[in-house]
Number of protein chains: 2
Amino acid sequence: MTESTARLMPEWLGRRSRLTPDRIAVIVGERTLTYAELDRDVSSLAASLTDVGVRSGQRIALLMRNGYSFVLATHAVMRLGAILVPLNTRLTVADLAWQCSDSGVDRLLHDSAQIAAAGEVCDRIPSLATTLVAAERGDSGQPPTLVRPVQWFGEDQLDLNAIQSIIYTSGTTGRPKGAMITYGNLWWSAIGSALNLGNHENDRWLACLPLFHVGGMSILVRAVVYGIGVVIHESFDPIAVNQAIDEQHVTIVSVVSVMLERMLATRGSRSYPPSLRCVLLGGGPASAQLLFDCAAGNLPVVQTYGLTEAASQVATLAPEDALRKLGSAGKPLFPSELRIERDGIAAGSGEVGEIVVAGPTISPGYLNQPDETATAFQDGWLHTGDLGYLDGEGFLYVVDRRDDLVISGGENVYPAEVERVLREHPSVDEAVVVGLPDPRWGQGVAAAIQIKVEASLTAAEIIDFCRARLAGYKVPTTVRFVDDLPRNAAGKILRRELRDTWPVDSAAQ
Amino acid sequence: MTESTARLMPEWLGRRSRLTPDRIAVIVGERTLTYAELDRDVSSLAASLTDVGVRSGQRIALLMRNGYSFVLATHAVMRLGAILVPLNTRLTVADLAWQCSDSGVDRLLHDSAQIAAAGEVCDRIPSLATTLVAAERGDSGQPPTLVRPVQWFGEDQLDLNAIQSIIYTSGTTGRPKGAMITYGNLWWSAIGSALNLGNHENDRWLACLPLFHVGGMSILVRAVVYGIGVVIHESFDPIAVNQAIDEQHVTIVSVVSVMLERMLATRGSRSYPPSLRCVLLGGGPASAQLLFDCAAGNLPVVQTYGLTEAASQVATLAPEDALRKLGSAGKPLFPSELRIERDGIAAGSGEVGEIVVAGPTISPGYLNQPDETATAFQDGWLHTGDLGYLDGEGFLYVVDRRDDLVISGGENVYPAEVERVLREHPSVDEAVVVGLPDPRWGQGVAAAIQIKVEASLTAAEIIDFCRARLAGYKVPTTVRFVDDLPRNAAGKILRRELRDTWPVDSAAQ
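Source: prediction; values computed, not measured.

Draft legend 1. How the structure looks around the overall build of chain A. Assigned secondary structure in chain A consists of 14 helices and 29 strands. Taking 2.2 N^0.38 as the reference for a compact globule, 509 residues should give roughly 23 Å; the C-alpha atoms of chain A span a radius of gyration of 23 Å, in line with that estimate. Taken along its principal axes, the extent of the C-alpha atoms in chain A is 70 × 55 × 50 Å. Of all 509 residues assigned to chain A, the portion counted as buried reaches 51%. Across chain A, the fraction of contacts at a sequence separation of at least 24, relative to all contacts at a separation of at least 6, is 65%.

Printed below as a string of structure tokens:
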């Protein structure tokens, strides 16, 4: 008898290029490539990497902007059975070198924009080999034919239990942790997403988020599994994104709130074409204003809650509930499990607790961090460190990071709630709330506020504004006006950095 | 570390009813039920079955027409962890009793139309218990609320490696074999189908094929996994099918050739609505005429090749290739493997050989038939007994059943090829070709022909017609005109029966 639970399956890009060789796979800049062409270029790069000694099981770092080189390198490393370590191009050389050392990288692949950075990383790790992948410009010069003839036997196989990548979490606190992601994690994530968002033959997914994060890389995997095209932007430009949606038949786009706000701001009152069927909004809770603006403009926003350790989406709001459950991240993906825990036991409906998740998309753990792994991963359940609740119908509302919770006088203050109120003030552009040590209350509520251009606001005014809208213990006692907020490469606000660098003499009230 | 290849997952209907309780699940006759309502009714039936002693691991036979009772019983048996044995209602009592004995059935569930037949089966197997499931008429009388409150923990789980059903193959030759189908077989089949045909939120699948065959039962599974509605017809009526497509937003319908011909014949020149996005055509090769008629009428026909032992589809023609590759069954599903073998080695492109398939949809084997299992299932590859070839682009063309092959004077004659020519004759309604023992050639080519109403035809005329179109050794030497052809419950022609009952005195020429 055979095992019915598959562990081996055909290598994805190879299979896809045999199934639908002529479908569009990648659109990047002026270039459009079919699956046959992508497969050919990947085979060619894989052969070159084999020539320089890349072997199955090696760890291969990628230091690249979004672009065709990134796509090729990702698939070539997968084809060779090596393990991908995608690096955040915005990190310092010291951080990059640390991640390469931690993950035991054998070779660093970089694009032409990262030649200097790659060199500096190598200066710190002399044993590290580097390879430039320069596929961005022009044609690869090869004829557009399949390198391999159609062949349904002797196909390469992949093992769903094998590690596909080590992705360092873009956590806002603590030392980065390398989450090990298996092929199975990515496969089940792609399937779970398709069962929720649907899977249309003519879909085209726009990737303007960094591909080095799990939210970007998982788009590359989904595209190949679904047989759809992915439009890749080197970086986020709201005008270019709007134009791609109008002119390139983009049906799905993955964004975070700040991107969506900028897309709407630059677009004005022009509506989006009906071909855009899903705006997948991740990266944390969105403001009610943004969601209402999107609803008013008929923009089909689907909020999602995901994390690196779950190979991206865990819960996603189904399109039919998008308006009725504004602000919710929806329900778990079909194969995923989700519960809310308070002091180790299941919370009741409406009760805030830690979001705990399980299922086939969950990483087997952090590389080289047995203690962190044992703490976060218990009996197959990942303790996310995020706070949320389920409403009476089972819809998830993400409240905050547990690490960001402010406890003032024994009361829980969720920064996100205070920030939402602050952002409602017409002069406030962005606001972040953290807890500062307070001799009397344990922690005090402190707000860093960026005001709008040409607006003016005093600390007293904003505190009065909050008093009218929040319980007393939630009202900030410390307000600071700032020009900029510290953010990580994914655009997430670095709360710990903000808290740790808070000036001791900042004006209270 | 957790296993990334999932083996346990949330029980499908329970999960679906929590995710999308208000979506339409089933439309049958005048009744429309949501997933919450279906879940409630299934829970209720499962409780009743528990009361009469049904337990996990028992084998529970279903003797039912298509209808709501069939849907409820299928899900209730799954929910209880029992094993389903769907029986063909058109079989004789002796055959039904044999299948019940062979599979060790503990209890027979039947609908009100099968009371007499169920009684007769019990007369032959006194230990067999029976239960009437009468959910066809009227409302179940319960309030339309969820029996179970939303709960994301403590959900029932299912094991993808567990046997979900034993389905007797509707083979046209030999004794029926009980193929064991696992939950994993059905899951991967549903996913493979979605990755090929797409998965739209508003899909609605019409089941007018018998639900007791794998092609029908797999629709029930896909509906729950995708969260779409299924329209169930008690039996095939071309006018009712056309009407459902027009009025009930049917997007996909599963049919065999003879059904499709009757749908077109009763419809006349009226075109089908664009909402019908896929006509999944199985059950053997279709005539070129039918495919051209469909193409002319813009009917989106997608040919498929499947079998019980593969939990339905193995290969399916992608919509974009439907016209370019008329007559092909397409390429394997994304997770499935397929090759053509000749004398145990891989055949070249264009060479006819046995179709051999592998992958996660393949049954672990036949119940109680270790020899048949060992012959058919070798190292995870299922030897289908069907003949076909792959063209230069890897598209599968199914030629015939290997068992049906006629070898005349050392030459291979594929009955399907001769039948296609016979059907091109304007007076021929249906034609079947078999091999009869021939002292000189080993086998002779014999044709049984049904002529059209009011048409006339002689054996000499049809033989002349074939001589002008076929190689000499393929031309029938024996022709017989018949009023009816023996068919099994699925509408497949019983070639062996035709051959074995061929009158010895039938006129040669």
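Draft legend 2. Local environment of the interface of chain A and chain B. Taken together, the contact pairs 49 residues of chain A with 49 residues of chain B. Of all the elements in the fold, those that place two or more residues in the side of chain A that touches chain B are strand E1 (8-10), helix H1 (12-19), helix H6 (183-197), helix H7 (214-226), strand E17 (331-332) and strand E18 (337-342) of chain A. At six residues, H6(A) tops the list of elements feeding residues into the side of chain A that touches chain B. Within the side of chain A that touches chain B, the residues separate by chemical class into 26 nonpolar, 14 polar and nine charged.

Draft legend 3. Seen up close, the sheet that holds strand E3 (residues 31-34) of chain A. Residues and elements named next belong to chain A. Sheet architecture is open: nine strands sit in the order E3-E2-E12-E11-E13-E14-E15-E16-E17, paired in mixed fashion. Of all strands in the sheet, those bounded by a partner on one side alone are E3 and E17. Judged from the four bridges that link them, strand E2 (residues 24-28) and E3 form a sheet pairing that is antiparallel. What sits directly across from Ile 27, in E3, is Thr 32. Most of the contacts of helix H2 (residues 35-51) go to E3, to which it runs at about 90 degrees, and overall it touches E2 and E3.

Draft legend 4. Fine view of the sheet that holds strand E3 (residues 31-34) of chain B. Residues and elements named next belong to chain B. Strand order in the open sheet made by the nine strands is E3-E2-E12-E11-E13-E14-E15-E16-E17, with mixed pairing throughout. Edge positions in the open sheet fall to E3 and strand E17 (331-332), since each of these has one partner strand only. Inspection of the sheet shows strand E2 (residues 24-28) paired to strand E12 (residues 229-232) by three bridges, in the parallel sense. Residue pairing for E12: Val 28 is matched across the bridge by Ile 232. The strands that helix H2 (residues 35-51) touches are E2 and E3; relative to E3, the one it contacts most, it runs at about 90 degrees.

Draft legend 5. Representation of the pairing of strand E20 (residues 353-358) of chain B. Residue and element names in this part refer to chain B. For E20, the buried fraction is high: five of the six residues fall into the buried class. The pairing of strand E18 (residues 337-342) with E20 spans five bridges and is antiparallel. When the bridges of E20 are listed, Glu 341 appears paired with Glu 354. As judged from the four bridges shared by E20 and strand E23 (residues 381-390), these two strands associate in the antiparallel manner. Opposite Val 357, over in E23, you have Leu 382 as the bridge partner.

Draft legend 6. Up close: the relation of the copies chain A and chain B. The two copies are related by a screw operation: chain A maps onto chain B through 180 degrees of rotation and 0.0 Å of translation along the axis, at an RMSD of 0.1 Å. Expressed as a symmetry operation, the mapping of one chain copy onto the other fits a two-fold axis. Nearest to the rotation axis, the C-alpha of Asn199(A) is located 2.5 Å from it, this being the minimum over chain A. Residue by residue, 100% of the interface of chain A is reproduced at the interface of chain B, so both copies engage with the same surface.

Draft legend 7. Just the packing of helix H1 (residues 12-19) of chain B against H2(B), in detail. All names here are of chain B. For the pair H1 and H2, the least separation of the axes is 8 Å and the interaxial angle reads 140 degrees. For the element pair H1 and H2, the recorded crossing hand is left-handed. Judged by residue contacts, Leu 13, Gly 14, Arg 16 and Ser 17 of H1 engage Tyr 35, Ala 36, Leu 38, Asp 39 and Val 42 from H2. Looking at the contact of H1 with H2 residue by residue, the classes come out as five nonpolar, two polar and two charged.

Draft legend 8. How the structure looks around unusual backbone geometry. One non-glycine residue with positive phi stands out, namely Asp379(A), at about 50 degrees. You can see Asp379(A) is positioned in the loop between strand E22 (377-378) and strand E23 (381-390). With a phi close to 60 degrees, Asn368(B) is a non-glycine residue in the positive phi region. Looking at Asn368(B), the number of C-beta atoms within 10 Å reads 13, which means it is partly exposed.

Draft legend 9. Examining the confidence of the model for chain A more closely. All names here are of chain A. In this model, chain A carries an average pLDDT of 88, and 93% of its residues clear a pLDDT of 70 or more. Note that residues 138-151 has pLDDT below 50 and, in this model, 14 contacts with residues that lie over four places away or in other chains. If you check the scores for this complex, the pTM reads 0.85 and the ipTM reads 0.83.

Draft legend 10. Main features of the pairing of E2(A). The buried fraction of E2(A) is high, at five of five residues. In textbook terms, the turn of a hairpin is the stretch between consecutive antiparallel strands, and for E2(A) and E3(A) this stretch comprises two residues, one of which, Gly29(A), has a positive phi near 60 degrees.

Draft legend 11. Structural view of the domain arrangement of chain A. Segmenting chain A into domains produces domain 1 (8-141 + 158-390) and domain 2 (405-500). Put simply, the middle of domain 1 of chain A and the middle of domain 2 of chain A, counted by C-alpha atoms, are 31 Å apart.

Draft legend 12. Structural context of the packing of H2(A) against helix H3 (residues 68-79) of chain A. Residue and element names in this part refer to chain A. Their axes nearest at 8 Å, the elements H2 and H3 cross at an angle of 65 degrees. With respect to the hand of their crossing, H2 and H3 are arranged in right-handed fashion. Of the residues in H3, those touching H2 at Asp 41, Val 42, Leu 45, Ala 46 and Leu 49 are Leu 72, Ala 73, His 75, Ala 76 and Arg 79. Residues belonging to the contact of H2 with H3 are distributed by class as follows: seven nonpolar, one polar and two charged.

Draft legend 13. Expanded view of helix H4 (residues 93-102) of chain B. All names here are of chain B. Within H4, the full set of buried residues consists of Leu 96, Gln 99 and Cys 100. Viewed end-on, H4 has its buried residues packed into an arc of 100 degrees, placing them on one side of the element. Positive phi shows up at Gly 104, right after H4, with a value of about 65 degrees.

The rules we used
Residues numbered from 1 in each chain as written. Chains lettered and ligands numbered in written order. Predicted model: local features only at pLDDT ≥ 70, side-chain atom pairs only at ≥ 80, totals over all residues. Helix = DSSP H or I, 4+ residues; strand = E, 2+ residues; numbered from the N terminus. Rg over C-alpha atoms; globule rule 2.2 N^0.38 Å. Buried ≥ 20, exposed ≤ 12 C-beta atoms within 10 Å, placed from the backbone. Contact = placed C-beta atoms within 7 Å. Nonpolar A, V, L, I, M, F, W, Y, C, P; charged D, E, K, R; others polar. Pairing = 2+ DSSP bridges. Axes fitted to C-alpha atoms, helices over the stretch in contact; angles between N-to-C directions. Least-squares fit on C-alpha atoms with pLDDT ≥ 70 in both. Left-handed = near helix turned anticlockwise from the far one by under 90°. pLDDT = per-residue confidence, 0-100. Domains from an automatic or database assignment. Arc of directions from axis to C-beta.

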